[in-house]
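One letter stands for each residue in the lines below.
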Amino acid sequence: MKNLTIIGLVLLALSVLLFYLTSPNFTINDLGMPHIMGILGGIGIGLIIGGLVGYVSKGSAIKEEQKRKEFRQLQKDKEDLEKQAAEIARREAELQRQQNQNPQI
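Residues numbered from 1 in each chain as written. Predicted model: local features only at pLDDT ≥ 70, side-chain atom pairs only at ≥ 80, totals over all residues. Heavy atoms only, no water.

J.: Could you clarify how one ought to interpret the overall build of the protein in this entry?
T.: A tally of helices and strands in the protein yields 2 helices and 0 strands. The globule rule puts the C-alpha radius of gyration for 105 residues at 13 Å, and the 34 Å found for the protein is more than 25% above it. Here the protein holds 105 residues, and the buried ones make up 2% of them. When the accessible surface of the protein is totalled, it reaches about 9900 Å², and 65% of it is carbon and sulfur. (Helix = DSSP H or I, 4+ residues; strand = E, 2+ residues; numbered from the N terminus. Rg over C-alpha atoms; globule rule 2.2 N^0.38 Å. Buried < 20%, exposed > 50% of the residue type's maximum accessible area, 1.4 Å probe, protein only. Areas by Shrake-Rupley, 256 points an atom, 1.4 Å probe, with all protein chains shown as cover.)

Structure (structure tokens):
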């Protein structure tokens, strides 16, 4: 979003520069309805594009956060399974040791 603001300001400065280069004798008294309509149209288009970009970036941020949560949950599940496997292996070793100490023949 920060980059979009910078690009918007650069484009605004470029449009002002081009406007003053194409009409050097322009004064505030020459400001008419077509100029105001052009300004309002530019603002409207900018708001529409900004809204779409914001919507898309928010959606992708939400998806990214959801992926991170799923990854953390999978890591937690993996750790739990490893603990269970270690506990089972410990119990099996203990049972094997007990059977070796008390063979029933």
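J.: For this particular structure, what's the right way to read the pattern of salt bridges?
T.: A side chain of one charge can pair with a side chain of the opposite charge when the charged atoms of the two come close. A complete count under the given rule lists 5 salt bridges for this structure. Of the charged contacts in the structure, one is a salt bridge between Arg 90 and Glu 94, with a shortest N-O distance of 3.4 Å. Of this pair, Arg 90 and Glu 94 both sit in helix H2 (residues 33-101), separated by 4 residues, roughly a single helical turn. Residue classification places Arg 90 among the partly exposed positions, given a relative accessible area of 44%. Each of Glu 87, Arg 90, Arg 91 and Glu 94 takes part in salt bridges that share partners, so that together they form one network. (Salt bridge = Lys/Arg side-chain N within 4 Å of Asp/Glu carboxyl O.)

J.: Would you take a moment to explain the layout of surface pockets for this structure?
T.: Remark: the empty space left among the atoms is shown by a probe the size of a water molecule rolled over them. The calculated volume of the largest pocket comes to roughly 690 Å³. Considering the residues around the largest pocket, the lining is formed by 19 residues, among which Gly 8, Leu 12, Gly 42, Ile 43 and Gly 46 are closest to the centre. Where the lining of the largest pocket is concerned, the elements lending two or more residues are helix H1 (2-22) and H2. In terms of residue count, the dominant contributor to the lining of the largest pocket is H1 (10 residues). (1 Å grid on protein atoms, 1.4 Å probe; cavity = no way out; pocket = protein on both sides within 12 Å on 5 of 7 lines; lining within 4 Å. Points joined across faces, edges and corners; volume = space filled by probe spheres on them.)

J.: Whenever I open this one, a nonpolar patch on the surface confuses me. Can you help?
T.: A surface patch of nonpolar side chains, amounting to about 950 Å² of accessible area, comprises Ile 28, Leu 31, Met 33, Ile 36, Met 37, Ile 39, Leu 40, Ile 43 and Leu 47. Tracing the sequence through the fold places Met 33 in helix H2. The class for Met 33 is exposed, based on a relative accessible area of 53%. (Patch = residues over 30% accessible without salt bridge, like charges linked within 9 Å, V, L, I, M, F, W, Y side chains within 5 Å.)

J.: Would you take a moment to explain a negative patch on the surface for this structure?
T.: Judged by side-chain charge, Asp 77, Glu 79, Asp 80 and Glu 82 come together as a negatively charged surface patch. Examined against the element boundaries, Glu 79 turns out to sit in helix H2. For Glu 79, a relative accessible area of 47% translates into the label partly exposed. (Lys, Arg positive; Asp, Glu negative; His and termini not counted. Charge placed at Lys NZ, Arg CZ, Asp CG, Glu CD.)

J.: Could you clarify how one ought to interpret the environment of Leu 11 in this entry?
T.: Summarising the element assignment, Leu 11 is placed in helix H1. Accessibility expressed as a relative area gives 52% for Leu 11, which makes it exposed. Taking C-alpha positions, Leu 11 is 54 Å from Asp 80, a pair spaced 69 residues apart along the chain.

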